[in-house]
Amino acid sequence: MTTFQGKGVYGAIAIGIVSVFKRQDAVVRREHVDDPAAELKRLEDAKAAALAQLAEIYEKALREVGEANAQIFEIHQMMLEDDDYNESISQIIETQAVNAEYAVSVTAQTFAEMFASMDDAYMQARAADVKDISNRLIACLSGADAASDAADGKMIVCADDLAPSETVSLDKERVLAFVTAFGSSNSHTAILARNMNIPAVIRVGEAFLDAIRDGDRLIVDGYTGEVILDPDDVTLAAKTEKQSQDLAKKAMLRELKGKENVTLDGTKVSIFANIGGVDGLGPALANDAGGIGLFRSEFLYLESDTYPTEEQQFAAYRKVLEGMAGKKVIIRTLDIGADKQIDYFKLDKEENPALGFRAIRICLTRPEIFRTQLRALYRASAFGNLGIMFPMITSVSEVQQILAICDSVKEELRSEDIPVGEKVEIGIMIETPAAAVISDRLAPLVDFFSVGTNDLTQYTLACDRQNALLEPFCDTHHEAVLRLIELSAQNAHKHGAWIGICGELAADTTLTEAFLRMGIDELSVSAPFVLPLRGAVRALDLSANA
Ligand code: PEP
Ligand code: MG
């Protein structure tokens, strides 16, 4: 038995037989051609064939993984028609009098290197896409299939890496799991695996490929990222048990997909997902979230060695907005300080960081950082249904300052002819007792409130949320916290605003009834809690006595 450790991209367990993915990587030779014009015509025909194939793959993806995930194949079609890409190929053919296959392969190499060298993780992952479309084009030029399918029977497909089109072209009925030696969790392959609900582990390393052969027995644990070759009896029994429990739970939850979040007496509530970055999009969609209730944008800053640029932020926000295809996406502006420290911000050491220079306080003090983020957000707003939310609010004047800055950023973008979404909802987090107490003054200024129960509990009960010793003193159901939430709900509704909860308490199903009775309109939870929460909502009857 040998265990390889990778990164699980879809939580599920598969036990089965290895099928090593066989790719017919074309060996491209450089050949002289006498008639470059004829070669250009051959290229045009191959491009038309490749575009037709991509249109078919798009239709298949649309059926199997939905519109948001099928979009990558529309992007592939666009990449194939990209002027720079095509010009590079034609110029190589014309100036060097060489065959089209060679010109495509050189261009693919150059473009892939260019993407790979970019700072942005999303753009780096596009290197795989450019190689994918180029392989297809070369295959069309030489009349071969782009890739072979998995072998007969249900198999665990093992590869160095899988291109998005290879992933979606595999027959879902015959694939038990994917394991790849390399790859990024940002790649569309990983996102597609999640959305096809196929257990998948990536980045198990090259040694894995050397160790496996067709027909070997393998366990893939997408929860832990373990890939176990030739398991012993004890491991096999343990993982089989884990798998059957997992399948039973998922079957129960699957029944809830596509169903409404409605109680027996007809009260409706939105259930959204919390995410920390573009990575969270797949799980949110796979778990049927009605929107994104909290995108913690500070992770973009935490994952970077320097301030993320407007372009980098715009790309991430846009991706999530497009991925959610018109569903609400609430992005919270930068919330660092306290437990989330970033060196390059060069913040002073503080005695009490949780009560210190954090979140909106940093943004209002350093407007250049704030404006960059707001520009990226408003630019992205043209690509979906955006709500912007501000953390750690304690006063009316903070909200007034924020609104003035938002107006000025929108004005600036309009003067540059940059489109901004027509309706961008503005919300604030209710996570300080001060905000809850003056929620009657804050509600008229905004479209929505979102209660951050993690901080609201820490500040109301004077219990540092990082300090494990305080757990016995930190009653998460404390009446004081619940009353502040109720007060905020009443004040929101009095002034035509809506109210959600995005702290961890939103997922606590023992409180769901209390929240709905308070009139909470939206609950935003980690993706795996969306369906269990829906189950809890559907079992409630609010017409019964409280
Ligand atoms: C909260 O405080 O409840 C919240 C959602 O924000 P964070 O956990 O990121 O502080
Ligand atoms: Mg908070």
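Computed from a predicted model, the values in this text were never measured in an experiment. (Residues numbered from 1 in each chain as written. Chains lettered and ligands numbered in written order. Predicted model: local features only at pLDDT ≥ 70, side-chain atom pairs only at ≥ 80, totals over all residues. Heavy atoms only, no water.)

Next up on the list: the pattern of salt bridges. Pairing between side chains becomes possible if they bear opposite charge and their charged atoms approach one another. Enumeration according to the criterion identifies 30 salt bridges in this entry. Residues R534 and D288 are paired through a salt bridge, measuring 2.9 Å at the closest nitrogen-oxygen approach. One end of the pair, R534, is in helix α21 (residues 530-538); the other, D288, is in the loop between α10 (281-286) and β10 (292-296), and 246 residues separate them in sequence. Its salt-bridge partner being E412, residue R375 comes within 2.7 Å of it at the nearest N-O pair. (Salt bridge = Lys/Arg side-chain N within 4 Å of Asp/Glu carboxyl O. Helix = DSSP H or I, 4+ residues; strand = E, 2+ residues; numbered from the N terminus.)

Another aspect to go through is the coordination of the magnesium ion (ligand 2). Distances from the magnesium ion (ligand 2) to its protein donors, E431 (OE) and D455 (OD), fall at 2.0 to 2.2 Å. Taken together, the positions of E431 in the loop between β13 (425-430) and α16 (433-437) and D455 in helix α18 (residues 453-460) put the pair 24 residues apart, joining distant regions of the chain. The pair formed by E431 and D455 is uniform in burial state, with each residue classed as buried. (Donors = N, O, S within 2.8 Å, 3.2 Å for Na, K, Ca; no water. Buried < 20%, exposed > 50% of the residue type's maximum accessible area, 1.4 Å probe, protein only.)

A separate point is the confidence of the model for the chain. Chain-level pLDDT for the chain is 90 on average; 95% of the residues reach the 70-or-more range. Predicted confidence is poor over residues 146-152, with pLDDT under 50, and the contacts of this stretch with residues over four places away or in other chains come to 21 contacts. (pLDDT = per-residue confidence, 0-100. Contact = heavy atoms within 4.5 Å.)

Quick look at the sheet that holds strand β9 (residues 270-275) now. If you trace the 8 strands once around the closed barrel, you get β9-β10-β11-β12-β13-β14-β15-β16, paired in parallel fashion. Looking at each pair of strands side by side, their axes are set apart by 25° on average, direction ignored. Alignment of β13 against strand β14 (residues 448-451), held across 4 bridges, turns out to be parallel. The partner of M429 across the bridge, within β14, is S450. Against the sheet, α21 makes contact with β9 and β16 (522-526), and its axis sits at roughly 160° relative to β9, the strand it touches most. (Pairing = 2+ DSSP bridges. Axes fitted to C-alpha atoms, helices over the stretch in contact; angles between N-to-C directions.)

Now for the nonpolar core. Buried together is how nonpolar side chains tend to be arranged in soluble globular proteins. Residues F390, I485 and F515 are the most contacted members of the largest nonpolar core, which totals 87 residues. Not counting chain neighbours up to four residues away, the residues in contact with F515 comprise L482, I485, I501, L505, A506, I520 and L523. Core analysis: the next-biggest nonpolar cluster, separate from the first, contains 47 residues, I89, L170, V175 and A190 among them. (Core = buried A, V, L, I, M, F, W, Y, C linked by side-chain atoms within 4.5 Å.)

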